[in-house]
Amino acid sequence: MTLFPQAGTRVAKLTALGIGVAFMATACGGSSTPTASETASEAAAGIACPAPEGTGGAAASQAPAPASVPPSGTTTDKPLKIGSLLPTTGSLAFLGPPEIAGVNLGVDEVNKAGGVLGKPIHVIHRDSGDTKTDIATQSTSALLGQGVSAIIGAASSGVSKTVINQITGAGVIQFSPANTSPDFTTWDDKGLYWRTAPSDVLQGKVLGNYMATCGAQTVGLIVLNDAYGTGLAKNIKSAFESAGGKVVAEELFNEGDTQFSSQVDKVIAAKPDAIALITFDQAKSIVPLMTGKGVKPTQLFMVDGNTSDYSKDFKAGTLKGAQGTIPGTFAKEDFKKKLLAIDPALKDYSYAGESYDAVNLISLASEAAKSTKGVDIAAKLKEVSEGGEKCTSYAGCVTLLRDGKDIDYDGQSGPVTFSDAGDPTEAYIGIYEYQDDNTYKAVKEEFGKL
């Protein structure tokens, strides 16, 4: 159907996903497989990750805004209205503030540049909750009822699965800044699902290989049993085993569980060199159980669902030396300052760049389409992400568009080039290390192509 120009490619797209990643060199030493008599801390003797190589971000540096932005040659009677479906409650609530701040900063800058098609854009925020509740469905119904053209969210892949058909079935764009489940790559979404976060094929490959470079030869996994957790675990396991390692334990738990002693005991009994925690805020319960039984923090590897500020949750030193991965490049200092002006209470910046970029890309595609209809905007999203003149801000990009030029937007999350599936085809994964106060700092970035 011409109404959904990409529907045909979406149904049959990417049945096999090839990936090329620029990884670090070979493993820097390692431990032999631990014997049954070794303790958990003794098994970690060979863990020694590569020294940090600096924390400079790879996000595009924004060019100075043009002195003036030319008026749009087309005006709209219906201003662009964007909804957000981001977590303010539930197990991913810590991701809500940076994502919401990124959306609000994007909206503010778009409107300071004159808006879209001659009108200011509007944003309506709603809570996504998590998969234990029906908040996302209720919020989605409310947003659709208010006539939004696009919804930014959800953060959780599991939550997005509960509303994606509702959103795309209404002819509205769903644009997630944080969904990483590979399942969305082949979803029959009528060309209306997009994301600025890369598939966990990339994060899993980076983390699996990184644990090997740290000298781990055996790994244990504690995994949230949902689309996010099991998908990420699969790719971590594949990469680690391809690097010559062995997964010696893999224990699942369900959303809503509050007791994790069984999973922790089984993983520790396998005496792995390293332990990957693929959880959301359940890490607040799991980490003390691990360290209380002799697991060193340097054995712990975390992921975007739980790499967070634990300074108020654990005593000093609990996580010192633990590491985590978050898709996206490091937030630059000037971008952090802008976000803090929006929300002075921010402590985490996870997915703020991806959320900001989502606003800019939707707005630029609306300008390119000369329409505020979701299906028309979706038809232009890939076009504004590739092949034209590089630009890094809404004001700079929309000036080029209105001058009749093709654009290639690169943003705060790094380079943004979409596949027909609505996925980023290239991205960075940031690697972070925990300090004595249980906050984390940037260590290095890995770039990969999908």
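Our subject in this report is the structure included herewith. (Residues numbered from 1 in each chain as written. Predicted model: local features only at pLDDT ≥ 70, side-chain atom pairs only at ≥ 80, totals over all residues. Heavy atoms only, no water.)

**Here's the deal with the environment of Leu 207**
Considering the arrangement of structural elements, one finds Leu 207 in helix 6 (residues 200-213). Taking relative accessible area as the criterion, Leu 207 reaches 1% and is therefore assigned buried. As for Leu 207 and Ile 429, which are separated by 222 residues in sequence, their C-alpha atoms are 9.0 Å apart. Discounting chain neighbours no more than four positions away, the residues touching Leu 207 are Ile 236, Phe 301, Met 302, Val 303 and Thr 325. (Helix = DSSP H or I, 4+ residues; strand = E, 2+ residues; numbered from the N terminus. Buried < 20%, exposed > 50% of the residue type's maximum accessible area, 1.4 Å probe, protein only. Contact = heavy atoms within 4.5 Å.)

**Remarks on the pairing of strand 15 (residues 426-434)**
A large share of strand 15 lies buried, amounting to eight of its nine residues. Sheet topology note: the strand 11 (residues 323-327)/strand 15 ladder contains five bridges and is antiparallel. Looking at strand 15, one finds that Pro 327 is bridged to Ile 429. Bridge count between strand 15 and strand 16 (residues 440-449): nine bridges; the pairing is antiparallel. When the bridges of strand 16 are listed, Tyr 428 appears paired with Phe 447. Counted between consecutive antiparallel strands, the loop separating strand 15 from strand 16 contains five residues, among which Asn 438 sits at a positive phi close to 70°. (Pairing = 2+ DSSP bridges.)

**Points about the sheet that holds strand 6 (residues 193-195)**
Taken together, five strands build an open sheet; the order of strands is 3-2-4-5-6 and the sheet is parallel. Looking along the sheet, the strands with just one partner apiece sit at the ends: strand 3 (122-127) and strand 6. Strand-to-strand twist across the sheet, computed as the mean angle between neighbouring axes with direction ignored, equals 20°. As paired strands, strand 2 (residues 81-86) and strand 3 are joined by six bridges and run parallel to one another. Its bridge partner being in strand 3, Ile 82 is matched across the sheet by Val 123. Packing against the sheet, helix 3 (residues 96-112) makes contact with strand 2, strand 3 and strand 4 (150-153), and its axis sits at approximately 170° to strand 3. Sheet strands in contact with helix 5 (residues 157-168) are strand 2, strand 4, strand 5 (173-176) and strand 6, and its direction is about 150° off that of strand 5. (Axes fitted to C-alpha atoms, helices over the stretch in contact; angles between N-to-C directions.)

**A few points about the sheet that holds strand 13 (residues 407-411)**
Reading across the sheet, the three strands line up as 12-13-14 and stay open at both edges, with mixed pairing between neighbours. The sheet is open, and its two borders are formed by strand 12 (389-391) and strand 14 (414-415), each paired with just one other strand. Across two bridges, the pairing between strand 13 and strand 14 is antiparallel. Bridge pairing in strand 14 places Gly 411 opposite Gly 414. In the packing of helix 13 (residues 394-402) onto the sheet, contacts are made with strand 12 and strand 13, and the angle to strand 12 comes to roughly 150°.

**Details of the environment of Val 206**
Counting through the fold element by element, Val 206 comes out in helix 6. Separated by 224 residues in the primary sequence, Val 206 and Gly 430 have C-alpha atoms spaced 9.4 Å apart.

**Section: the nonpolar core**
With 61 residues, the main nonpolar core has Met 211, Leu 221, Ile 278, Met 290 and Leu 319 as its most contacted residues. If you tally residues by element for this core, the top one is helix 6, at six residues. Those residues within four positions of Leu 319 in sequence are excluded, and the remaining contacts are Val 287, Pro 297, Leu 300, Met 302, Tyr 310, Phe 314, Tyr 434 and Asn 438. Formed by 47 residues, the second largest nonpolar core is a distinct cluster that contains Val 107, Ile 121, Ile 152 and Val 398. (Core = buried A, V, L, I, M, F, W, Y, C linked by side-chain atoms within 4.5 Å.)

**Here we look at helix 3**
Between its first and last C-alpha, helix 3 extends 24 Å over 17 residues, near the 24 Å set by a 1.5 Å rise per residue. Most of helix 3 sits out of view: twelve of its 17 residues are buried. Gly 114 lies just past helix 3 and shows a positive phi near 105°. (Expected span 1.5 Å × (residues − 1).)

**Thoughts on unusual backbone geometry**
Residue Ala 154 is bonded to the preceding Gly 153 through a cis peptide linkage, with omega at -5°. In this structure, Ala 154 sits in the loop between strand 4 and helix 5. Unlike most non-glycine residues, Lys 190 shows phi in positive territory, near 60°. Relative to the elements of secondary structure, Lys 190 occurs in the loop between strand 5 and strand 6. Within the chain, Asn 438 stands out as a residue other than glycine whose phi angle is a positive 70°. For Asn 438, a relative accessible area of 0% translates into the label buried.

**Some thoughts on the pattern of salt bridges**
All told, the structure shown has 16 salt bridges when counted by the stated rule. Put simply, Asp 265 and Lys 293 hold a salt bridge, and the shortest N to O gap is 3.3 Å. With a gap of 28 residues between them, Asp 265 in helix 8 (residues 261-269) and Lys 293 in the loop between helix 9 (283-292) and strand 10 (300-302) connect regions that are remote in the sequence. Since its relative accessible area comes to 36%, Asp 265 is described here as partly exposed. Residue classification places Lys 293 among the partly exposed positions, given a relative accessible area of 45%. A salt bridge links Lys 382 to Glu 386, with the nearest nitrogen and oxygen atoms 2.9 Å apart. It is possible to trace a salt-bridge network through shared partners that takes in Asp 130, Lys 132 and Glu 255. (Salt bridge = Lys/Arg side-chain N within 4 Å of Asp/Glu carboxyl O.)

By themselves, these observations are geometric and do not establish any function.
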